[in-house]
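Examining the three-dimensional arrangement
Residues per chain are reported as follows:
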Amino acid sequence: MPYELADRLVVGIASSALFDLTESDRVFLEQGEDAYRAYQRKHLDDTLDPGVAFSFIRRLLSLNDLAPAADPLVEVIVLSRNDPDTGLRVMRSIESHTLSISRAVFMQGRSPYRFMPALSMSLFLSADQEDVREAVALGLPAGTVLGPAADDDHDDTDLRIAFDFDGVLADDAAERLYKSGGIEEFRTHEVANARVAHAPGPLKDFLAAVNRIQRREEEEQRANPAYRMRVHVSIVTARNAPAHERAVLSLNHWGLRVNDAFFLGGIDKGRIMSVLRPHIFFDDQAGHLTSTALTTPSVHVPFGLLNQPASEAPAP
């Protein structure tokens, strides 16, 4: 029987998001591809240090204890520009860190993101901005990891995920309106259309997959009242009242939910992240991530008008 992926939460991860490749990248940039290959072979048994998304991926995979080993809830697949030979160090590091990742795609010098639909992926994380931009331009759910790897507290078994709303879970129609008409026109429009759901954004299906795991946790808790819920989801958005209502009702319309919502109205998101301490935060505006990446593994989702180069943006 073939191994089916359609009903699982499938995440694609580049080695640059999972591990710290600073030294390897320096060798590649300064000495070229042949020296890079020689360096990786020489250091084949030197385990790579965790990267920006490591803690998120480790905790996500830990949720597979809610299902039989042969039928996991979560599947993580390496998507790499390395050739299979130089990719060996990545796979050995995965084994050394005891991550349950056994599947990988290695494509020498080319990005494998175009295989995301075939692999039923609802998220692809990479440190390669160009790969991510190309993936998002094709309508694929991808993000660029930012900042250093955060300390991973192994005594903390929770998985905290935070999303911006517009341009991430929803499309960027509201952000376009704000840019063209200003704050008052935006608020007036959002209040008048509060019960009209936004069109979905690039990570709506990823949230849906996370919600499926949360429902599985609820089943576990009903069967075992001592079970403690581990997955917590927040939205952290620059919206505030009265524009907050359309965001909440859009989630309801999509059949999705979050545990917490922060409607900040321009308050610096980094201040919230330092207290909330999510293991990953997704936002479409790089400016918001400047402060969050100081304390929080952050992901830039380059979706919508605000992320178009000036030469490509439509005239007003």
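Above: the structure in question.
Residues numbered from 1 in each chain as written. Predicted model: local features only at pLDDT ≥ 70, side-chain atom pairs only at ≥ 80, totals over all residues. Heavy atoms only, no water.

On to the nonpolar core. Within the largest apolar cluster, 54 residues are counted, with the highest numbers of intra-cluster contacts made by Phe56, Ile57, Leu125, Phe163, Phe206 and Phe282. The element best represented in this core is helix α8 (residues 204-223), accounting for 6 residues. When neighbours within four sequence positions are excluded, Phe206 is seen to be in contact with Leu9, Val11, Phe56, Ser122, Leu123, Phe163 and Phe282. Membership of the second largest hydrophobic core comes to 17 residues, among which are Leu5, Val10, Leu119 and Ala142. (Core = buried A, V, L, I, M, F, W, Y, C linked by side-chain atoms within 4.5 Å. Buried < 20%, exposed > 50% of the residue type's maximum accessible area, 1.4 Å probe, protein only. Helix = DSSP H or I, 4+ residues; strand = E, 2+ residues; numbered from the N terminus. Contact = heavy atoms within 4.5 Å.)

Taken in spatial order, the 10 strands line up as β3-β2-β1-β4-β5-β10-β9-β6-β7-β8 in an open sheet, and their pairing is mixed. The sheet is open, and its two edges are formed by β3 (103-106) and β8 (260-263), each paired on a single side. Each adjacent strand pair in this sheet contributes to an overall mean axis angle of 25°, direction not counted. Where strand β1 (residues 9-13) lies against strand β2 (residues 74-80), 5 bridges are found, and the strand directions are parallel. Opposite Ile13, over in β2, you have Val78 as the bridge partner. (Pairing = 2+ DSSP bridges. Axes fitted to C-alpha atoms, helices over the stretch in contact; angles between N-to-C directions.)

Further remarks concern the layout of surface pockets. Reported here for the largest pocket is a volume of approximately 670 Å³. In terms of lining residues, the largest pocket is bounded by 28 residues, among which Asp25, Tyr36, Arg81, Asn82 and Asp128 are the most central. Counting only elements with at least two residues in the lining of the largest pocket, the list comes to α1 (15-18), α2 (22-31), α3 (33-42), β2 and β4 (123-126). Among the elements that make up the lining of the largest pocket, the one with the highest residue count is α2 (4 residues). Taken together, the residues that form the lining of the largest pocket break down as 10 nonpolar, 10 polar and 8 charged. For the second largest pocket, the lining is made up of 18 residues, of which Tyr178, Phe186, Ala238, Arg239 and Gln285 are closest to its centre. Ranked by residues supplied to the lining of the second largest pocket, first place goes to helix α7 (residues 173-192) with 7 residues. Looking at the lining of the second largest pocket, its residues break down into 6 nonpolar, 6 polar and 6 charged. (1 Å grid on protein atoms, 1.4 Å probe; cavity = no way out; pocket = protein on both sides within 12 Å on 5 of 7 lines; lining within 4 Å. Points joined across faces, edges and corners; volume = space filled by probe spheres on them. Nonpolar A, V, L, I, M, F, W, Y, C, P; charged D, E, K, R; others polar.)

Fair warning: the whole summary comes from geometry, so function is off the table for now.
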